[in-house]
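Take a look at the letters that make up each chain.
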Amino acid sequence: MRIDVVTIFPEYLAPLDVSLIGKAATAGILDIHVHELRTWTHDRHNTVDDSPCGGGPGMVMKPEPWWEALTALVPPGSEDGARLIVPTPSGRPFTQRVAEDLATASHLVFAPARYEGIDRRFIEAAAERMPVEELSIGDYVLAGGEVAVLVMVEAVGRLLPGVLGNAESAKDDSFGHSSQGGMAGLLEGPVYTKPANWDGREVPPVLLSGNHAVIARWRRDEALRRTAQTRPDLIEALDPAALDKKDRAQ
Ligand SMILES: CN1CCCC[C@@H]1Cn1ccc2ccc(-c3n[nH]c(N)c3C#N)cc21
């Protein structure tokens, strides 16, 4: 997968060179390019913003540099498999399912804006050339879209074949946000490691029993309990067929 990120703060995307995503880029699984939006300005001040039409606070990002950037990164005729991702607080929620969908693309172009956002006409013009996703990472307001790009690239990148080792495959994601794996639809239960006794606190004996069936049942019960406590909405959303008799006894 090729990923292009266009931003006025390229240094904000430095974390993409680190850890999981950095290793995937080194391995050639991801082909990540971060671009300075001002590359596509032509005035003396490299202007990317202007005052809002109709008045109001702040500044709006001009459509021209964004359009030139998009055209350079997705030349006419090469739109197949390309999708434009625009982080915005007014976008549809970015969820695990959205990440799974984006992981099927061959080319993602991220347009993290600043100021009050991008002139609407850029979004409309882009949507005539390729799918445009306006996505939000949560119900809070950030100062720009770069943080959201880091979140989305990690959530999408970890789903690509070869990025996670077998021991930590995404198919075992048990978060309520995954639509895969044995605990699909549930939140992760508690996890423990050595020592068996720390600070006078014991690891639940079942986890030391060596009985894998009993351990699996205990983990599912804990995931059900935590999900019911923390995210009852996810319990409601569960496919009843995904619950067995013992689940229902919880
Ligand atoms: C504050 N300021 C005036 C009000 C409108 C937003 C603006 C700031 N801002 C500019 C570009 C931009 C992109 C994403 C986000 C963003 N905030 N919260 C999320 N979940 C986001 C995502 N994903 C915020 C952004």
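Here the structure is shown first, and the text comes after it.
Keep in mind it's a predicted model, so treat the numbers as computed, not measured.

Reading guide: rules and limits
- Residues numbered from 1 in each chain as written.
- Predicted model: local features only at pLDDT ≥ 70, side-chain atom pairs only at ≥ 80, totals over all residues.
- Heavy atoms only, no water.
- Helix = DSSP H or I, 4+ residues; strand = E, 2+ residues; numbered from the N terminus.
- Areas by Shrake-Rupley, 256 points an atom, 1.4 Å probe, with all protein chains shown as cover.
- Lys, Arg positive; Asp, Glu negative; His and termini not counted.
- Charge placed at Lys NZ, Arg CZ, Asp CG, Glu CD.
- Pairing = 2+ DSSP bridges.
- Axes fitted to C-alpha atoms, helices over the stretch in contact; angles between N-to-C directions.
- Expected span 1.5 Å × (residues − 1).
- Buried < 20%, exposed > 50% of the residue type's maximum accessible area, 1.4 Å probe, protein only.
- Contact = heavy atoms within 4.5 Å.
- Polar contact = N/O pair within 3.5 Å; in protein donor to acceptor, adjacent residues only side chain to side chain.
- Near = heavy atom within 4 Å.
- Nonpolar A, V, L, I, M, F, W, Y, C, P; charged D, E, K, R; others polar.
- Parallel < 35°, antiparallel > 145°, perpendicular 65-115°, else oblique.
- Left-handed = near helix turned anticlockwise from the far one by under 90°.
- Salt bridge = Lys/Arg side-chain N within 4 Å of Asp/Glu carboxyl O.

Which residues make up the overall build of the chain, and what values go with them?
Along its length, the chain carries eight helices and nine strands. With respect to the principal axes defined by its C-alpha atoms, the chain has extents near 70 × 40 × 40 Å. Of the roughly 14,000 Å² of accessible surface on the chain, 55% is carried by carbon and sulfur atoms. Taking the average place of the 25 positive charges on the side chains of the chain and the average place of its 36 negative ones, the gap between the two points comes to 7 Å.

Could you give me a rundown of the sheet that holds strand β7 (residues 132-136), with the residues and numbers involved?
An order of β2-β1-β6-β5-β7 is seen for the five strands of this open sheet, with the pairing classed as parallel. Taken across any chain shown, the strands that pair with only one partner, and hence form the sheet edges, are β2 (31-36) and β7. Averaged over all pairs of adjacent strands, the angle between strand axes in this sheet comes to 25 degrees, irrespective of strand direction. In the sheet, strand β5 (residues 82-93) pairs with strand β6 (residues 107-110) via four bridges, with the strands oriented parallel. Along β6, the bridge assignment pairs I85 with F110.

So what about helix α6 (residues 212-230)? Which residues, and what values?
Here α6 contains 19 residues, and its C-alpha end-to-end distance of 26 Å stays within 8% of the 27 Å for a straight helix at 1.5 Å per residue. Among the residues of α6, I215, R217, W218, R220, D221, E222, A223, L224 and T227 are the ones counted as buried. Lining the buried residues of α6 we find α7 (232-237) and α8 (245-248). The backbone nitrogen of A213 lies 3.2 Å from a side-chain oxygen of the residue at the head of α6, namely N211.

Please give an account of the site of the ligand that cites residues and values.
Around the ligand, 18 residues are found, and the nearest of them are P87, S136, G138, Y140 and L142. One of the backbone N or O atoms of T88 is found 3.4 Å from a nitrogen atom in the ligand. Surface burial for the ligand is 84%, taken as the share of its 530 Å² of free accessible area covered by protein chains. Elements represented by at least two residues in the shell around the ligand include exactly β5 and β7. Ranked by residue count, the leading element in the shell around the ligand is β5, at three residues. Per-class residue counts for the shell around the ligand are eleven nonpolar, five polar and two charged.

Kindly report on the side chain of S136, identifying the contributing residues and their values.
Tracing the backbone through its elements, the reader meets S136 in strand β7. Taking the relative accessible area as the measure of exposure, S136 reaches 7% and is therefore buried. Within the structure, the side chain of S136 is placed 3.1 Å from the backbone oxygen of G138, a separation counted as a polar contact. S136 has contacts with T88, P89, G91, R92, P93 and F94, leaving out every residue within four places of it along the chain.

Tell me about the environment of G117, and name the residues and values.
Within the fold, G117 resides in the loop between β6 and α4 (120-127). By relative accessible area, G117 is classed as buried at 16%. In this structure the C-alpha to C-alpha distance between G117 and V60, which are 57 residues apart in sequence, comes to 5.7 Å.

Please provide a residue-by-residue account of the packing of helix α2 (residues 63-73) against α4, values included.
α4 packs onto α2 with a crossing angle of 25 degrees between their chain directions and a minimal axis gap of 8 Å. Put simply, α2 runs roughly parallel to α4. As α2 runs across α4, the sense of the crossing is right-handed. Residues P63, W66, W67 and L70 of α2 lie in contact with α4, whose contacting residues are R121, F122, A125 and A126. The class makeup of the residues in the contact of α2 with α4 is seven nonpolar, no polar and one charged.

How would you explain the side chain of E146 if you had to name every residue and give the values?
Within the secondary structure, E146 sits in helix α5 (residues 146-157). Beyond its immediate sequence surroundings of up to four residues, E146 is in contact with T7, I8, F9, Y12, L13, P112, A113 and R114.

Can you tell me about the pattern of salt bridges, naming the residues and giving the values?
Scanning the model with the defined rule gives 16 salt bridges in all. For the salt bridge of D119 with R121, the shortest nitrogen-to-oxygen distance reads 2.6 Å. Look at D119 and you get buried, because its relative accessible area is 15%. Between E134 and R120 there is a salt bridge, with its nearest N and O atoms 2.8 Å apart.

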